[in-house]
Amino acid sequence: MSRPLSRWSTGGGRVSGISDRDPFDPDYSKDFAENGFGHEAGACKSRQRTALPFLKLCLALAIVLALVGSLSWTISISTSSQVPIYRGYRRLQQQLVSDLSEIGELSLASAKLRELEFCSSEFEDYVPCYYNVSESFDAGDPDRTIEYERQCVQQSAEDHGCLVLPPRNYRIPLRWPSGRDFIWKENVKITGHEFSSGSLTKRMMVEEEQISFRSDSLMVDGVEDYLHQIAEMIGLENESNFNDAGIRTVLDIGCGFGSFGAHIFSRQLLTMCIANYERSGSQVQITLERGLPAMIGSFASKQLPYPYLSFDIVHCAGCDIDWEKKDGIYLTEVDRLLRPGGYFVWTSHMNTQRSLHDKDNQKKWSLIRDYAEKVCWDMLSQQDETIVWKKTTKKKCYRSRKSGPAVCDRTIDLESPYYQPLNPCIAGTRSQRWIPIEHQRPWPSRAMLNSTELDIYGLQSEEFAGDALNWKSVVHDYWSLLSPLIFSDHPKRPGDEEPSPPFNMLRNVLDMNARFGGFNAALLDAGKAAWVMNVVPTNGPNYLPLIFDRGFIGVQHDWCEAFPTYPRTYDMVHAEGLLTLETYQRHRCSMLDIFLEIDHILRPEGWVIIRDKDPLIEAARSVIAQLRWDARMMELDNDSNKKLLVCQKPFFKKQHK
């Protein structure tokens, strides 16, 4: 096995570093490929012959300058100015004189390549776009509910970037499925208020070092009974028949700590948990720590970043949303997300007969019931606190309505709602994807779309099948690269095989440029115990509807903004072609900005796999050096124009003051 690349080495070949120019500049790749550096220093004019003593003095000065220049160049590994190699003695003398003016630039370049500093301890759970650090220390009422709107302000990583350290007693999470039932208490931010209020202890058992989600048998049995109740209300024999009824994707609003999604996962259902940003006791942070899909999301004023017709069930159990407010606009957003024939399951104390004796609750309930009828939902059943509505599968219902929200006109983009304001109109039936869930094939056969389904996206069966075969091969290669020996200097003995990583080595995986979701499909086909957050960049082709149609989950995102999650929530981040995609968007953000966000959401000892064009991988390797990652670059035999960069984030520990 070849020796691993150090964070500052190139593994042979030319030396590369960071240029003053943005690697995302389209001209950068060409210059980098041809020259290996940013720009050339001009040569000075020839000097006239001088007296012999003066020449000796110049030669002595030249030798000193050569030593100083070489040392500066070695330390900085700078690409901010390339020095052409002059083999002739006289040209070398001329170039050294010119180098005297370059020494200042060389010293500045070395500062650019310095490793980033570690953030202070107050940034341990910092989530950009939702609050600033000073707000976390406000001495307000702990019982007061604060809703944080997503608001991103772009700041350069070069000026404001630092590396977020884990909490002092952080430990690597347990592997799946053990990590679903037990998490390390110090890995998540929980204050004494959550324990004293009982909001956590009702759902889990807190031990000395761990939080257990299976010790409370009453809670487990309660979820099983609840699932059975929902199945019966839908008209199924039991919860094992969800898949046969065309149900696969579930949106769980205000999901607690993921217990609902954890239990229906065994029924081949995939749940996306969303909840507001919370400064401590976060539903999203704890759910992700358990190895379950989750992200920060709010119904406050913006559409969720999912396309039209994404989910088979939208579930709300004590989610604290006032569905009757704002003329029913929150229910309109649920209608946008639900597929035809999909179910809205609402569990609330307000739904009990005792609660409805209150006149205010009666009024709220009447408004919700009437609005549901106006958007063509049928109330299937009510048992105790739970009500189930079904979205209509009859297109004529929308034409026969006499009141209610209008149908959106064709100028409204239903598939790319990236944090757009909530829309008061309903989406209607004009999409080719308006297919009742009972007509969907059960999982996992629905993951392979047929030719009719692919026609909606302008894709050919051959292209789709070829993509699937390619990803199966790629995942096989990737998995072998995750061997524990990949970053070890220990020599492999002749005949020894590298140990194969276990199937459950990874759980939370994020694909930064998912395209058709092929990486996700290949991981599942290979039997890996992972789920994938399929991210579709807002500046690329939008195949997110296709990803949901395959039975996967994902989200639209702008990678020049912070991802809506907490620090240390993913085991692997994968990006194929993302850097190339960003080269077409000049002056949006730097490569360092993007990689710093990856570092923010990646767990200690987590993996990063980047596959892209050769010049961009060269540039990325220098940026990665600032993040202190271990990295190895590899050639791709089947694609000479691309390279693979495999990185691992070290587990840094620092005693906070």
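Residues numbered from 1 in each chain as written. Predicted model: local features only at pLDDT ≥ 70, side-chain atom pairs only at ≥ 80, totals over all residues. Heavy atoms only, no water.

1. Here's the deal with the overall build of the protein chain
Then comes step 1: The helix and strand tally for the protein chain stands at 20 helices and 17 strands.
Then comes step 2: For the protein chain, the residues scored as buried account for 54% of the 657 residues in total.
Then comes step 3: Here the analysis covers contacts within the protein chain between residues at least 6 apart in sequence; of these, 73% occur between residues at least 24 apart. (Helix = DSSP H or I, 4+ residues; strand = E, 2+ residues; numbered from the N terminus. Buried < 20%, exposed > 50% of the residue type's maximum accessible area, 1.4 Å probe, protein only. Contact = heavy atoms within 4.5 Å.)

2. Regarding the nonpolar core
Then comes step 1: Of all hydrophobic cores here, the largest spans 107 residues; its most connected members are Tyr-306, Trp-323, Phe-344 and Phe-595.
Then comes step 2: When residues no more than four places from it in sequence are discounted, the contact partners of Phe-344 are Val-314, Cys-316, Trp-323, Leu-331, Val-334, Leu-338, Trp-377, Ile-387, Val-388 and Trp-389.
Then comes step 3: Counting residues in each nonpolar core, the second largest holds 22 residues, with Leu-481, Phe-519, Ala-530 and Met-634 among its members. (Core = buried A, V, L, I, M, F, W, Y, C linked by side-chain atoms within 4.5 Å.)

3. Re the pattern of salt bridges
Then comes step 1: The full count for this structure, using the stated rule, is 27 salt bridges.
Then comes step 2: Its salt-bridge partner being Arg-336, residue Glu-333 comes within 2.8 Å of it at the nearest N-O pair. One end of the pair, Glu-333, and the other, Arg-336, are both in helix α11 (residues 329-337), three residues apart, so they sit about a helical turn from each other. A single burial state applies to Glu-333 and to Arg-336, both of which are buried.
Then comes step 3: Taking the shortest distance from any N to any O, the salt bridge between Glu-415 and Arg-433 comes out at 3.3 Å. In this pair, Glu-415 sits in the loop between α13 (396-400) and α14 (451-455) while Arg-433 sits in the loop between α13 and α14, placing the two residues 18 residues apart along the sequence. With respect to burial, Glu-415 and Arg-433 carry one shared label: buried.
Then comes step 4: Connected through shared salt-bridge partners, Asp-312, Arg-339, Glu-415, Arg-433, Arg-446 and Asp-549 make up one network. (Salt bridge = Lys/Arg side-chain N within 4 Å of Asp/Glu carboxyl O.)

4. A short note on the state of the cysteines
Then comes step 1: Enumeration over the complete set of coordinates arrives at seven disulfides.
Then comes step 2: A sulfur-sulfur distance of 1.7 Å marks the disulfide that ties Cys-255 to Cys-273. Within this pair, whereas Cys-255 is found in the loop between β4 (249-253) and α9 (259-264), its partner Cys-273 is found in strand β5 (residues 270-275), the two being separated by 18 residues in sequence. Cys-273 matches Cys-255 in its accessibility class, with the two residues each being buried.
Then comes step 3: Residue Cys-316 pairs covalently with Cys-319 via a disulfide, S to S 1.9 Å. In this structure the cystine formed by Cys-316 and Cys-319 twists about its S-S bond by roughly -75°; its chirality is therefore left-handed. You'll find Cys-316 and Cys-319 in the same group, each marked buried. (Disulfide = S-S within 2.5 Å.)

5. Looking at the sheet that holds strand β15 (residues 602-613)
Then comes step 1: Judged by pairing direction, the sheet is mixed, and its seven strands sit side by side in the order β13-β12-β11-β14-β15-β17-β16 without closing on themselves. Of all strands in the sheet, those bounded by a partner on one side alone are β13 (554-557) and β16 (630-635). Looking at each pair of strands side by side, their axes are set apart by 20° on average, direction ignored.
Then comes step 2: Looking at chain direction, strand β12 (residues 531-537) and β13 are connected through four bridges and run parallel. Bridge assignment links Val-536 to a residue of β13, and that residue is Gln-556.
Then comes step 3: Against the sheet, helix α20 (residues 614-627) contacts β15, β16 and β17 (642-648), and its axis sits at roughly 20° relative to β17. (Pairing = 2+ DSSP bridges. Axes fitted to C-alpha atoms, helices over the stretch in contact; angles between N-to-C directions.)

6. With respect to α20
Then comes step 1: The end-to-end C-alpha distance of α20, which contains 14 residues, comes to 20 Å, matching closely the 20 Å that a straight helix rising 1.5 Å per residue would cover.
Then comes step 2: For α20, a buried count of 13 out of 14 residues is recorded, marking the element as mostly surrounded by other parts of the structure.
Then comes step 3: Phi turns positive, to about 70°, at Arg-628, one or two residues after α20. (Expected span 1.5 Å × (residues − 1).)

7. Topic: the packing of helix α19 (residues 591-601) against α20
Then comes step 1: At their nearest, the axes of α19 and α20 sit 10 Å apart, and the two run at 55° to each other. Between α19 and α20, the angle is such that the two are oblique. In this structure, α19 crosses over α20, and the sense of that crossing is right-handed. Of α20, the residues touching α19 (which contributes Met-591, Leu-592, Phe-595, Leu-596 and Asp-599) are Leu-616, Ala-619, Ala-620, Val-623, Ile-624, Gln-626 and Leu-627.
Then comes step 2: Of the residues contributing to the contact of α19 with α20, the split by class is ten nonpolar, one polar and one charged. (Parallel < 35°, antiparallel > 145°, perpendicular 65-115°, else oblique. Left-handed = near helix turned anticlockwise from the far one by under 90°. Nonpolar A, V, L, I, M, F, W, Y, C, P; charged D, E, K, R; others polar.)

8. Some words on the environment of Arg-399
Then comes step 1: Along the chain, Arg-399 turns up in helix α13.
Then comes step 2: Assessed through its relative accessible area of 67%, Arg-399 is described here as exposed.

9. As for the pairing of strand β14 (residues 570-576)
Then comes step 1: Extensive coverage of β14 is indicated by the burial of seven of its seven residues.
Then comes step 2: Across three bridges, the pairing between strand β11 (residues 508-511) and β14 is parallel. If you follow Val-509 over to β14, its bridge partner there is Met-572.
Then comes step 3: Pairing analysis gives six bridges linking β14 to β15, with the strands arranged parallel.

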